[in-house]
Every structure is written in structure tokens, then in C-alpha cells.
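Geometric and topological summary
Spelled out from the first residue to the last, the chains are:
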Amino acid sequence: MNQTTDRQVAVFLAEGFETIEALTVADLLTRAGIPHTLVSITDDTRVTSSHGVEVVADGVIKDLDFSQYDMLVLPGGIPGTPNLEACPLLMQQVKAFAAGGKAVAAICAAPSILAHLGLLRGVRAACNPCVEKDLMAGGAVLVHEPAVLCENLITSRGMGTATPFGLAIVRYFLGEETAEKLRRKILYQDINSGDLHR
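Quick caveat: nothing in here was measured; it's all calculated off a predicted structure. Once a new chain begins, its residue numbering starts again from 1 and follows that chain's sequence as written. In keeping with the predicted nature of the model, local features appear solely for residues at pLDDT of at least 70, side-chain atom pairs appear and are counted solely at 80 or more, and the whole-chain, interface and lining totals rest on all residues. Computation of side-chain values covers all heavy atoms of the structure but excludes hydrogens and water.

Pairs were defined over the aromatic rings of Phe, Tyr and Trp, the Trp ring being its six-membered one, requiring ring centres within 6.5 Å. Orientation was assigned from the angle between planes: stacked under 30 degrees, edge-to-face over 60, tilted for the rest. Applying the stated criterion across every chain, the model contains three aromatic pairs. With 6.5 Å between their ring centres and 75° between their planes, Phe66 and Phe97 make a pair best called edge-to-face. Of this pair, Phe66 sits in the loop between strand S5 (59-60) and strand S6 (71-74) while Phe97 sits in helix H3 (residues 88-99), placing them 31 residues apart in sequence. Partly exposed describes any residue whose relative accessible area lies between the buried limit of under 20% and the exposed limit of over 50%, with all areas from a 1.4 Å probe on protein chains only and scaled to the type maximum. Residue classification places Phe97 among the buried positions, given a relative accessible area of 4%. Ring geometry for Tyr172 against Phe173: centres 5.2 Å apart, planes inclined by 85°, an arrangement best described as edge-to-face. Secondary structure follows DSSP: runs of H or I at least 4 residues long count as helices, runs of E at least 2 residues long count as strands, and numbering of each begins at the N terminus.

The axes are straight lines fitted to the C-alpha atoms, using for helices just the contacting stretch, and the angles between their N-to-C directions are given from 0 to 180°. Two numbers describe how helix H6 (residues 162-174) lies on helix H7 (residues 176-185): the axes approach to 7 Å, and their chain directions differ by 145°. For the crossing formed where H6 meets H7, the hand is right-handed. Within the contact between the two elements, H6 uses Leu167, Val170, Arg171 and Leu174 and H7 uses Glu176, Thr178, Ala179, Leu182 and Arg183. Ten residues, namely Ala, Val, Leu, Ile, Met, Phe, Trp, Tyr, Cys and Pro, are considered nonpolar, four, namely Asp, Glu, Lys and Arg, are considered charged, and the remaining ones, Gly among them, are considered polar. Here the residues of the contact of H6 with H7 sort into five nonpolar, one polar and three charged. We call a crossing left-handed when the near helix sits turned anticlockwise from the far one by less than a right angle, and right-handed when that turn is clockwise. Throughout, a residue-residue contact means that at least one pair of heavy atoms, one from each residue, lies within 4.5 Å.

A separate point is the pairing of strand S11 (residues 153-156). Two faces belong to every sheet, and in a regular strand the side chains alternate between them. Across the two faces of S11 the burial is the same, with Leu153 and Thr155 and Ile154 and Ser156 all buried. When DSSP finds two or more bridges between a pair of strands, those strands are recorded as paired. By the bridge criterion, four bridges tie strand S7 (residues 103-107) to S11 in an arrangement that is parallel. Bridge pairing links Ala106 to Thr155 in S11. Of the strand pairs in this sheet, strand S10 (residues 147-150) and S11 are connected by four bridges, and their pairing is antiparallel. Paired with Ala147 across the strands is Ser156, a residue of S11.

Two cysteine sulfurs form a disulfide in these notes if their separation is within 2.5 Å. All chains considered together, the criterion is met by zero disulfides. Cys130 supplies the cysteine sulfur nearest to Cys127, a cysteine that is in no disulfide, at a spacing of 7.4 Å. For Cys127, a relative accessible area of 1% gives the class buried. Considering cysteine sulfurs only, Cys108 is the nearest to Cys130, which forms no disulfide, with 5.9 Å between them. Residue class for Cys130 comes out exposed when judged on its relative accessible area of 53%.

Expected span of a helix, by definition, is 1.5 Å for each gap between consecutive residues, and there is one gap fewer than residues. Between its first and last C-alpha, helix H1 (residues 19-32) extends 20 Å over 14 residues, near the 20 Å set by a 1.5 Å rise per residue. Listing the buried residues of H1 in full gives Thr19, Glu21, Ala22, Thr24, Val25, Ala26, Leu28, Leu29 and Ala32. Each element contacted by the buried residues of H1 is listed here: strand S1 (9-13), strand S2 (36-40), S6, S7, H6 and H7. By the N-cap criterion, in which a side-chain oxygen at the helix start approaches the backbone nitrogen of a residue two or three places on, H1 is capped by Glu18, the distance to Ile20 being 3.0 Å. Immediately downstream of H1, the backbone of Gly33 shows phi near 80°, a positive value. Under this definition, polar contacts are N or O atom pairs within 3.5 Å; protein pairs additionally need one hydrogen-donor-capable and one acceptor-capable atom, and for neighbouring residues in sequence, both atoms have to be side-chain atoms.

As a further point, take the environment of Gly77. Mapped onto the fold, Gly77 is located in the loop between S6 and helix H2 (80-85). Note on Gly77: relative accessible area 9%, which makes it buried. Dropping the residues within four chain positions of it, Gly77 is found in contact with Gly16, Phe17, Glu18, Glu21, Pro82 and Cys108.

None of this, on its own, says anything about what the molecule does.
Structure below.
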């Protein structure tokens, strides 16, 4: 991709994260030229996914300067999602980012974290069916779209929507034209601009 940005994205990895949801986002950000960091929420950079894939993160959360980042990404997975939610520093920063107008993106079960933090009241959001009750209890306007942008929050449904989710993040930073070029380059045929609802 020719267009790049100095915006920084942090993708958080907890033990039991969903492999494809995390790594698809990282791959698409790389292709789009968007700087990003894979961040372990523990003191160990080695993190094992819910399906036993070990990933070496770029760094650990205690060393992260959150002020240098413009978006936080929360992959789903079980027990990855509850492990993310059990990290006080991350939860503090998710709330601060949302309140300050910075972007937060969550996929699969992870949008439930946003609901539990009170960030989805009146917000159009998507999630995995297993946590739809959490979103509804949190006042979200539940939709069944691959990727949904509402203000500064991006949500998505699961492993099968990881590519639309990643493209939505690219679109958020670099615009429709760049996201569409990337979609065509990776031969992804099942998303168009109408799949990202504002």
C-alpha cells in the first residue's frame, strides 16, 4: 500500500486469545502501512492462543506508553476475553481512550468488555452470539454486521469476520479508497463499503 500513517495501534494478547482475530488484524495493518504493536498483558512476551499457537509479542503492557497510541484492539477468544478484562491497567486505558475520543476496537466476545465498562449504551455494536446478552444488558444497539463503526468504537462478530474487522480499522485511519485497494489486493470478495455502518 502506498499510503501510510503515523497513527499507532496496540493489539493486546492474553492467554487464550483467538489466533485469527489477533493475527489477521496485525497482518492487515502491516499491509496497509499502519504501525502497530502486539502487546502481552502479562510480563511474558510469549502468549498462547486458545488453539495452542504460541505468539511472541513485541512487548508487555507494563512497559507500554499508552500516550503514543491512537487505537487499542481487543481480540476475542476464551479464556482470552475474560483474561483481558481481568487486567486492571488495560481496563483503565480502554475507558480513558473511549472517554478521550480515541479509538477502541473489539471482536468476537471482546465487545462484552466494552459493555461491562458502560461504553456501549446507545451504541450500535456487533459481537459473537455468545455475548449478545451482555451487550443488550449494557444498552448496546445490537446489529449483525461484519464490522460496525459507531463514533470511536469498532466492533465485530468473530473469527469469520476478522478480515472485515481489520479492513474497518484500515478504513478508520486511511479511508475508504485505501481499504478498498487492500480488499482487492488480498482477493477478499465479501465486503464492500456498505458493510461498515456508521
